[in-house]
Amino acid sequence: MTRPQQPEALLVLQDGTVFKGFALGKIGTAGGEICFNTGMTGYQEIYTDPSYFGQVIVNTTSHIGNYGIQLGAEEESAGVKIRGMVCNFFSPTYSRHLADGSLQQYFEQANIVGIHGIDTRQLVRYIRDKGVMNCIISSVILDPEVLFAELSNVPDMEGLELSSEVSTQATYELGEQDSRFRVAVLDLGVKKSIIQSLADRGAYCKVFPAKTSFADLHAFNPDGFFISNGPGDPAAMPYAVETVKQALDTEKPLFGICLGHQILSLASGIGTYKMHNGHRGLNHPVKNLITGLCEVTSQNHGFAVKGDEVMDHANVEVTHINLNDQTIEGIRRKDKPAFSVQYHPEASPGPHDSRYLFDDFIKLMQ
Ligand SMILES: NC(=O)CC[C@H](N)C(=O)O
């Protein structure tokens, strides 16, 4: 079978390594932090997850685009949040009768630049060994040296505050108004399926912009606080740390996911650090140290909380650890009704092993 002529594209890494491939999505140039996700499915949920804002995603699954896209149902936020995409085989056509369109059109409309025809096994092994770095993709600048020079304009993820760029601008509500539980959701880049998981369990959620003051959250008279996932470096978010500190003082239940877990840790005096490579995929094994059971989890994070500082903390205990690298995956406060996990119990996409955490939060509010 002969393929139609495709526009060429280049991927250049921060250390100067060049990969050649073909353009997908919009013709253009895009740079960001290069991250790989090993999930076998759920590409649209990944691309619309606000936690990926500013990042170029390498999908290690070799076929991308083949089941098209669905508007609404498979979107974790209003529109695509990633900066760019890299894959092996990109399918411009799709076969699924429920799809609303092709991934190619979806990316074109969202101005997303991508590259395919890349040996993603080679690329992932490379960045796995060298560690996380920035990259740039282009289907218009095809001189590697010129493109490499453009890379210096891509900001470093470390120290970058991004939540306020993806958070809601105005408050909104979800769930039944006369519900037994009112939850104040601090939106640091929240995924839709997380708010839905709370609403499905009978919580009436009011979602607040990232930089909302504690006083405004408190004015909603919530039964509990939820601190969401989101992009960027948690250490660059003193405003959210301050809000969480004040929320803890109320002695009301507080639950954090991913970035929310990192913010709860910072508010408890535990530091965070940038990992050599993040955890991004659907099959990360986590051990629950309270029950002794293992969970298969969905993950997406590039920062983590400092293990030794958790261990030494008088009022914080480790509840979950990652069985691949022993990093901290969950904590709880001994002196407050507050807990958090580094991974994604809403698991959209992903396994459902960890959904009990939403039930635990509801029970704490009872
Ligand atoms: N999914 C998230 O909330 C990610 C948190 C944070 N931005 C990190 O990369 O570690």
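If you're wondering where the values come from, they're calculated on a predicted model, not measured in any experiment.

All right, on to the site of the ligand then. Every one of the 13 residues lining the ligand counts as a neighbour, but Gly230, Gly232, Asn300, Gly302 and Phe303 are closest to it. A distance of 2.9 Å separates an oxygen atom of the ligand from a polar atom in the backbone of Gly230. One of the side-chain nitrogen or oxygen atoms of Gln262 is found 3.0 Å away from an oxygen atom of the ligand. Judged by its atoms lying within 2 Å of the grid points, the ligand is housed in the largest cavity. Broken down by secondary-structure element, the contributors of at least two residues to the shell around the ligand are helix H9 (259-267) and strand E16 (294-305). Ranked by the residues each element gives to the shell around the ligand, the list is headed by E16, at four residues. The residue inventory of the shell around the ligand, partitioned by class, reads four nonpolar, nine polar and no charged.

Within the structure shown, the criterion is met by two cavities of 30 Å³ or more. Taken as a whole, the largest cavity encloses approximately 130 Å³ of empty space. Going through the elements one at a time, H9, strand E15 (272-288) and E16 are the ones with two or more residues in the lining of the largest cavity. Per-element tally for the lining of the largest cavity: the top contributor is E16, with four residues. Along the lines of polarity and charge, the residues of the lining of the largest cavity split into five nonpolar, eight polar and three charged. Size it by volume and the second largest cavity reaches roughly 100 Å³. Contributing to the lining of the second largest cavity are 15 residues, with Asp49, Tyr52, Lys191, Ser298 and Pro349 lying nearest its centre. Counting residues per element, the ones that place at least two in the lining of the second largest cavity are helix H1 (43-47), E15 and E16. Per element, the largest residue contribution to the lining of the second largest cavity is three residues, and it comes from E16.

Look at helix H8 (residues 238-249) against H9: their axes get within 9 Å of each other, and the N-to-C directions meet at 70°. By the criterion of interaxial angle, the relationship of H8 to H9 is roughly perpendicular. Across the interface between the two elements, Ala240, Val241, Val244, Lys245 and Leu248 of H8 pack against Ile263, Leu264, Leu266 and Ala267 of H9. Across the contact of H8 with H9, the residue classes break down as eight nonpolar, no polar and one charged.

Looking only at helix H11 (residues 356-365), the buried set comprises Leu357, Phe358, Phe361, Ile362 and Met365. One side of H11 carries all its buried residues, which in axial view fall inside an arc of 145°.

Right, let's get into unusual backbone geometry. The linkage connecting Ser348 with the following residue, Pro349, adopts the cis geometry, with an omega of 5°. Note that Pro349 resides in the loop between strand E19 (338-341) and H11. With a phi angle near 65°, Glu251 is a residue other than glycine that sits in the positive phi range. On the secondary structure map, Glu251 appears in the loop between H8 and strand E14 (254-257). Look at Glu251 and you get partly exposed, because its relative accessible area is 43%. Positive phi values are uncommon outside glycine, yet Cys258 reaches one of about 60°.

Ranked by internal contacts, the top residues of the largest apolar core, which has 33 residues, are Leu188, Val244, Leu254, Ile263 and Val310. For this core, the secondary-structure elements that each account for two or more residues are strand E11 (181-186), strand E12 (203-208), helix H7 (214-219), strand E13 (224-227), H8, H9, strand E17 (316-322) and strand E18 (328-333). The element best represented in this core is H8, accounting for six residues. Every residue in contact with Leu188, bar those within four places of it in the chain, is listed here: Ser163, Val166, Ala210, Ile227, Ser228, Asn229, Gly230, Pro231, Met237, Ala240, Leu259 and Ile263. By size, the runner-up hydrophobic cluster in this structure holds 23 residues, among which are Val185, Ile195, Val286 and Val341.

What follows covers the UniProt feature "active site" (unreviewed entry) in the protein. In this numbering, the UniProt entry assigns the feature "active site" (unreviewed entry) to Cys258, His344 and Glu346. These annotated residues cover 89 residues of sequence, and their C-alpha atoms all fall within 11.3 Å of one another, placing them together at a single site. Taking the annotated residues in turn, Cys258 line the largest cavity. Tracing the sequence through the fold places Cys258 in the loop between E14 and H9. Contact partners of Cys258, with chain neighbours within four places excluded, come to Asn229, Asn300, His301, Val341, Gln342, Tyr343 and His344. Look past the residues within four positions of His344 in its chain and what remains in contact with it is Lys191, Ile194, Asn229, Ile257, Cys258, Ser298, Gln299 and Asn300.

Definitions and limits used
Residues numbered from 1 in each chain as written. Predicted model: local features only at pLDDT ≥ 70, side-chain atom pairs only at ≥ 80, totals over all residues. Heavy atoms only, no water. Near = heavy atom within 4 Å. Polar contact = N/O pair within 3.5 Å; in protein donor to acceptor, adjacent residues only side chain to side chain. 1 Å grid on protein atoms, 1.4 Å probe; cavity = no way out; pocket = protein on both sides within 12 Å on 5 of 7 lines; lining within 4 Å. Sits in = over half its atoms within 2 Å of the grid points. Helix = DSSP H or I, 4+ residues; strand = E, 2+ residues; numbered from the N terminus. Nonpolar A, V, L, I, M, F, W, Y, C, P; charged D, E, K, R; others polar. Points joined across faces, edges and corners; volume = space filled by probe spheres on them. Axes fitted to C-alpha atoms, helices over the stretch in contact; angles between N-to-C directions. Parallel < 35°, antiparallel > 145°, perpendicular 65-115°, else oblique. Contact = heavy atoms within 4.5 Å. Buried < 20%, exposed > 50% of the residue type's maximum accessible area, 1.4 Å probe, protein only. Arc of directions from axis to C-beta. Core = buried A, V, L, I, M, F, W, Y, C linked by side-chain atoms within 4.5 Å. UniProt positions renumbered as here; feature names shortened; annotations may be inferred.

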